[in-house]
Amino acid sequence: MWPSFYATVFVTLLFLGAPGYLLGRALGLSRVTALLASAPLGMAVICLMGQALSAAGVPATPAMMVGLPSALLLAAALLRSRFLPGARDGAPAVHPALVALFLVAGLAAGYVFLAGILPSPNAFHQDYDSVHHINSIRAMMDSLSMSPLDGSPYITEPDALVAVQPTGYYPSGWHVLCATVALAANVSVANAVNAVNLALMSVVYPLSMLLLLSSVFPGRTRVVALGSAASLTLTIFPWGVCNWGPVYPNIAAFAMLPALCALFMRAFEQGGSRRAMACHLIAWFLSTCGTVLLHPNVVFSMAVFLAPWIVARLGGSSLRLRLGPRASLGPHALAALFALFCVVAWVGATKIPALAGLVNYHWGPFASGGDAVANVLCLSYMRGMWPAPDAAQLFPAAALLAGAVLLVSRRETRWVAVPYAIAACMVYVACSSSDDALRSVLIGYWYSDPYRIGSLATIFSVPLVSYGLDAVAEGLCKLVRLRPARAWRALPAVSALVVAAAYVPLALLCPGQAQNGFSQETSSPWATYQSYTYRAYSHDAPLTYQETDFMESVCRLVGDDLVINQPFDGSVFGYGVTGLRCYYRFFSGYGSSGEAWQSRVIRQRLYNIANDPQVQQAVASIGARYVLLMSTDERNNTFVKDTYDAAKWRGINYIADDTPGFELVLEENGYRLYRIT
C-alpha cells in the first residue's frame, strides 16, 4: 500500500516536472530555472491539454494529457538547442547544491508533517470542501473529460442528465492533476489526493521558494540556504492549511506562487538581453495561466508581492517620462503613480460582477484587536478560530522581526518587508474587523478566509525569517573569528548548519500560547499541529471504514445503476471513494430554486412510492433502482449539523423493511440496501 503511495508521489512529480521542464527549455530558460519553475509550467501544459481534449471530445488519458505534449516539447527543446541556443540567463544563478538541499529538506519535512501522520494512504480529510473535491475527481476519471473550467461531480454523460443541482464555475486544475495521476498510477482517489498534496508541499513549494529567494537575495547563498529551514518549519503553510476546508486547490496555487514572482523578477534581470527577457516573460505568463486554473486569487497574491518590488525598482531607476519640452516625471513620481494605479485597480476589481461572489463572501471576526496583534506578532494567525488550533511560534517570530529590521535599514532591500507588512495587515483585518466593506476590499479576493490569508503571510515572511537567521549565523561567525579559527573557509557554511540545527527544534518544540477548542493552553507548535492533523484524518465521521466497506459491496452488486442515498449518513462521499453512483453528492443546496424537481420529490416523499404517481415518475425519470441507508444516528452522521434538516429527508429516512415498494437485498451492521420494486 505505502510503496504504491510513494510511487504515486513520483508520478505526480513526473507529470508536472517533465512537460514543465521541457517547456521551459523550449522557451530558452536555463536548466536550473526550468527545473525550479517546472511545476507551474507543467500545470499550464496539463490544463491546456485537458481543455483542448475536452473541446475536441477526445478521451483525456494520461498518455494524451502528459505523454503527447512531453514528446512534442522534447522535440521543440532539441530543435531550439540545435538551431537557436538560449540566451544567457543574466539573473542570479542557483547552485545545484542548493537544489539538493531544498529537495532533501522538503522530502524530510513532507514525511514528518504528512506522510508519517497519515493512518493510511487512503485516509482523507472528511471536511466540507472534500465532498466537491473527491466526487469531482472521480467524475473526471469516469468521463475522461479533464476540462479545468468544468469541475462537477455530475460530468459523466449519464450523470449529467440526473444532476441534482447546477454547479457554477470552479477552478479545477488541481482536480485535473489528481484525476490524471490516479488514472496513471491506478490508485484510489483518496490515495491520489494525498500523493499530489505531498508532492506539492514537499517538493514543488520548496523548489519554488528556492527560486524566489535566489532572486530576492542574489549572491547571498547562506540566506538562501537558511530559507530551506525557514520555509518548512512555519506550521500554517504549507502544512496546517492542508487540514482546513480543505482548500487543496489554493494550496497548489500558493505552492507555485513564489516561482511565479521569481520568473517575473528574473525577466528584468537579464542585463539588457531582450530575448532572455522575452523568454522569462512568456514563461511567467504561461505559468500564471496554469496556476490561475488552480485558483484565481494567485493573481492578487502575486500583486501583493510584485507591486512593492516594481515601485522600488522604479524609484531607484533613472527612468524619466517627458510630458513636454520642460515638464517630466522623475523616478519617484513614476513610482508614486504606479502605486496609486495599483490601489485604484485593486479597489476597482472588487466592483467586477464576476468577482462579486468572491469578494462579498465573509468569514466573521474571531479575535479582539489586541489578540489579533498578538496573533500577527507571534505568527499564530489562526489562534482563537475554532476548529483551527494554532500555537505561537516564538523563535520564527523573533527571526522575522530581526530580519525585517535589517532589511528596512537598507534602501535596496527595504521593499522585501512590504509584502509581509501588507499581508500582516490583512491578517489583522481577517482576525478582528467586522467592517464588511473593509473586508471586501482588503481580503475579499481570498473569500476573507483567515487561513488562506495567514498562508499568504507565511509565504511572504520566509525571506524575512531567512534574513534574520542569516544575521544570527553572521554573528556566530564574528564570534568565532575572534579566535584563531578566523581564516577557516568553511566557517560560513558551518555557522549556517549550526543555526539551522538549533532553529528547527526551537521553532517547532518551544511552547507558546495555543488554542484548544475555545480555551487557551500552553503547547508547542508541533504538538498543536500534530493533534489537529490526527483529528483531520481520523476517518471516523461521517464515513467510517465499515460504511466504506459496505458501499464497496453495494457497488459490486449494483454495478453502474444509480442509487438513491441519504448524503448525511456519509454516503455523500460514496461516489468519490468507492465509485458507487450515489444520487446525492452535496451537503447543501437542497430546497434552493436550482434543485431539480425529481430531487425535491424524492427527498420528501420517496417512502410513499407505492401510492404516489409523482414519486414513481421522479424515480423513473432518473433511472434509480436502489436506495442506500446507513447510519441514522443524528449525533454522528454528519459534522455539518447546521446544514442537516431531518424534515427535508423524511422521504428516505422513513424507509424500513416493511415499507411497500422496497425489497431488502443487502444488510450488514445495520446498513441496508433496498431494491425499488
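So, here's what we can say about the structure.

1. Re the packing of aromatic side chains
Two aromatic rings, taken as a pair, are described by how far apart their centres are and by the angle between their planes. Taken as a whole, this structure holds 40 aromatic pairs when the rule is applied. The interplanar angle of 65° and the centroid separation of 5.3 Å between the aromatic rings of F5 and Y6 together place this pair among those described as edge-to-face. With a relative accessible area of 37%, Y6 lands in the partly exposed category. Note on F662 and Y674: the rings are 6.5 Å apart at their centroids and 75° apart in plane angle, and the pair reads as edge-to-face. With F662 in strand β7 (residues 662-668) and Y674 in strand β8 (residues 671-676), this pair connects stretches of sequence that are twelve residues apart. As far as burial versus exposure is concerned, F662 and Y674 are alike and both buried. What links up through ring pairs into an aromatic cluster is the set F124, Y128, F568, F573, Y583, Y584, F587, Y590, Y644 and W649. Sitting over the ring of Y575, R585 keeps its end group 3.8 Å from the ring centre.

2. Points about the packing of helix α12 (residues 248-267) against helix α14 (residues 298-315)
Running from N to C, α12 and α14 cross one another at 35°; their axes reach a closest spacing of 10 Å. Between α12 and α14 lies a crossing of right-handed hand. Only V298, S301, M302, F305, L306, W309 and I310 of α14 make contact with α12, whose side of the interface consists of A253, F254, L257, L260, C261, F264 and M265. Tallied by class, residues from the contact of α12 with α14 come to 13 nonpolar, one polar and no charged.

3. A word on the pairing of strand β6 (residues 624-629)
The element β6 is largely enclosed, with a buried count of five among its six residues. Bridging between β6 and β8 involves four bridges; their strand directions are antiparallel. Its bridge partner lying in β8, L629 is registered against R672.

4. Observations concerning the state of the cysteines
One pass over the full model with this rule turns up zero disulfides. The structure places no disulfide on C242, whose sulfur is separated from the nearest cysteine sulfur, that of C178, by 11 Å. Take C242: its relative accessible area is 3%, and that puts it in the buried class. Free cysteine: C261, not disulfide-bonded; nearest cysteine sulfur from C342 at 13 Å.

5. Regarding the packing of α14 against helix α19 (residues 417-432)
One can describe the packing of α14 onto α19 by two numbers: an axis separation of 8 Å at closest approach and a directional angle of 140°. Considering their axes alone, α14 and α19 lie oblique with respect to each other. In terms of crossing hand, the pair formed by α14 and α19 is right-handed. Across the interface between the two elements, V304, F305 and P308 from α14 touch V418, P419 and I422 from α19.

6. Focus on the nonpolar core
Counting residues in each nonpolar core, the largest one holds 216 residues, and the members touching the most others are W174, Y420, W446, I564, L606 and V627. Per-element accounting of this core gives the leading share, 20 residues, to helix α9 (residues 189-216).

7. A closer look at unusual backbone geometry
In this model, F237 is joined to P238 through a cis peptide bond whose omega is 5°. Within the secondary structure layout, P238 lies in helix α11 (residues 235-239). Of note, the phi angle at L144 is positive, near 55°, even though the residue is not glycine. Among the secondary structure elements, L144 is positioned in the loop between α6 (130-143) and α7 (157-160).

8. With respect to the pattern of salt bridges
Counted by the stated rule, this structure contains twelve salt bridges. In this structure, the salt-bridge partner of D470 is R220, at a minimum N-O distance of 2.9 Å. Of this pair, D470 sits in helix α21 (residues 450-481) while R220 sits in the loop between α9 and α10 (221-232); the two residues are 250 residues apart in sequence, bridging distant segments of the chain. Among the residues examined, R220 registers a relative accessible area of 31% and is labelled partly exposed. Here R605 ties to D612 by a salt bridge, and the two come within 2.8 Å at their closest N and O atoms. On the basis of relative accessible area, D612 is assigned to the buried category, the value being 12%.

9. Digging into helix α26 (residues 597-605)
Among the residues of α26, Q598, S599, V601, I602 and R603 are the ones counted as buried. Where α26 is buried, its residues meet β5 (562-565), α27 (613-622) and α28 (650-653).

What counts, and at which threshold
- Residues numbered from 1 in each chain as written.
- Predicted model: local features only at pLDDT ≥ 70, side-chain atom pairs only at ≥ 80, totals over all residues.
- Heavy atoms only, no water.
- Phe/Tyr/Trp six-rings, centres within 6.5 Å; stacked < 30°, edge-to-face > 60°.
- Buried < 20%, exposed > 50% of the residue type's maximum accessible area, 1.4 Å probe, protein only.
- Helix = DSSP H or I, 4+ residues; strand = E, 2+ residues; numbered from the N terminus.
- Lys NZ or Arg CZ within 6 Å of the ring centre and 35° of its normal.
- Axes fitted to C-alpha atoms, helices over the stretch in contact; angles between N-to-C directions.
- Left-handed = near helix turned anticlockwise from the far one by under 90°.
- Contact = heavy atoms within 4.5 Å.
- Nonpolar A, V, L, I, M, F, W, Y, C, P; charged D, E, K, R; others polar.
- Pairing = 2+ DSSP bridges.
- Disulfide = S-S within 2.5 Å.
- Parallel < 35°, antiparallel > 145°, perpendicular 65-115°, else oblique.
- Core = buried A, V, L, I, M, F, W, Y, C linked by side-chain atoms within 4.5 Å.
- Salt bridge = Lys/Arg side-chain N within 4 Å of Asp/Glu carboxyl O.

In short, geometric facts, not functional conclusions.
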